[in-house]
Amino acid sequence: MAVEEARQGQPDPNHLQVKRLNRRWGAVKLPKFGWVRFRWTRPLGGTVRNATVLRDGGRWYIAFCVEDGLPEAAPNGQPPVGVDRGVVNAVTCSDGWAKDRELVTPGEAKRLRRLQQQLARQKKGSKRRAVTKAKLARLNARIRNRRNDLCVWVANRLTRRHGLVVVEDLNIKDMTAFAKGTIEAPGRQVRQKAGLNRAILNKGWSRLVLALEHAGRYHGCSVVMVNPAYTSQTCSACGHCASENRESQAVFRCVACGQLDHADVNAAKNILAAGLAVTGRGDLAGRRSVKRQPPVTEVG
Ligand SMILES: [Zn+2]
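In what follows, the accompanying structure is described. (Residues numbered from 1 in each chain as written. Predicted model: local features only at pLDDT ≥ 70, side-chain atom pairs only at ≥ 80, totals over all residues. Heavy atoms only, no water.)

Moving on, we get to the coordination of the zinc ion. Taken together, the protein ligands of the zinc ion are Cys235 (SG), Cys238 (SG), Cys254 (SG) and Cys257 (SG), with distances of 2.2 to 2.3 Å. For the zinc ion, the 4 donor atoms in the first shell make angles of 107 to 111° at the metal, so the coordination geometry reads as tetrahedral. (Donors = N, O, S within 2.8 Å, 3.2 Å for Na, K, Ca; no water. Tetrahedral: all angles 85-135°; square planar, octahedral: opposite > 155°, others 65-115°.)

Quick look at the pairing of strand β6 (residues 59-67) now. Here 9 bridges tie strand β5 (residues 47-56) to β6, and the two strands are oriented antiparallel to one another. Across the sheet, residue Thr47 finds its bridge partner in β6, namely Glu67. Counted between consecutive antiparallel strands, the loop separating β5 from β6 contains 2 residues, among which Gly57 sits at a positive phi close to 60°. (Pairing = 2+ DSSP bridges. Helix = DSSP H or I, 4+ residues; strand = E, 2+ residues; numbered from the N terminus.)

Scanning all chains against the criterion turns up 3 aromatic pairs. For the ring pair Trp97 and Trp153, a centre distance of 6.2 Å and an interplane angle of 20° mean the geometry is stacked. With Trp97 in the loop between β8 (91-93) and β9 (98-99) and Trp153 in helix α2 (residues 127-161), the pair connects residues that are 56 residues apart, well separated along the chain. A connected cluster of aromatic rings, assembled from ring pairs, spans Phe38, Trp40 and Phe64. Looking at Arg39, its charged tip hangs above the ring of Trp25, at a distance of 5.9 Å from the centre. Sitting above the plane of the Tyr218 ring, Arg217 keeps its charged end 5.5 Å from the centroid. (Phe/Tyr/Trp six-rings, centres within 6.5 Å; stacked < 30°, edge-to-face > 60°. Lys NZ or Arg CZ within 6 Å of the ring centre and 35° of its normal.)

What follows deals with unusual backbone geometry. With a phi close to 75°, Lys32 is a non-glycine residue in the positive phi region. The exposure class assigned to Lys32 is exposed, which follows from its relative accessible area of 89%. With phi around 65°, Tyr230 is a residue other than glycine that occupies positive phi space. In this structure, Tyr230 sits in the loop between β11 (222-226) and β12 (251-253). (Buried < 20%, exposed > 50% of the residue type's maximum accessible area, 1.4 Å probe, protein only.)

Here is the structure:
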């Protein structure tokens, strides 16, 4: 997947003049370029410090870095939450809330495959290859936008409703063990979808963490990363750790105490407990008061 991203930093604030032309358009004076018009998509919200011009999927974008002058928000006092990257649901929380979004439609997946095959056949440096590359870049950009949208949406929601968000630190996780099948997908379709979604979400995970940290600053919510080892096999009620606990992709049934839970919710509860231990809010983890809350499923 070729990510065509030409970046050009424009660090000198003296050269940056931004003006609004009308409701939809603005213009920025870039060194060596002069006045360049751009679509005004959102309020600037502060003094412009620098701008980044980037190209993605054949389109040009400009991003302004602004000084908003806002102090960091005080802790919002909301309950903590653990977040698991699900295979079927993109995000599953310890309180039972889950969110998924189709990141690639079946048609797009097909087209992506075909374009990649085409690209492999085409001669390097040829015009046809360049056309195929541009098509691929456009398609990938669309998928990436969709994923970014999901990340920002989820981050906004979680940081508003929680004072602490605990996530898996993917740099620690042994990805090969994850792929080898601690999780058995029941059907072929699910497995296909899971494979594709997982690939895309793995890439987007750091994006989600970034979005959480960013939104957390505004909503008074902190983000903690923990080692996710064994979170999917350990019983969140009694702590018994065995691969047999995982009855199926979706069901977790503890062989020691009989605790029955949604597999991803159980994992999210373990992630939460690990995060509370790390942040020294162990009293909550010890009482397990958070974990006994009945799962509330919301469709959003
Ligand atoms: Zn148990």
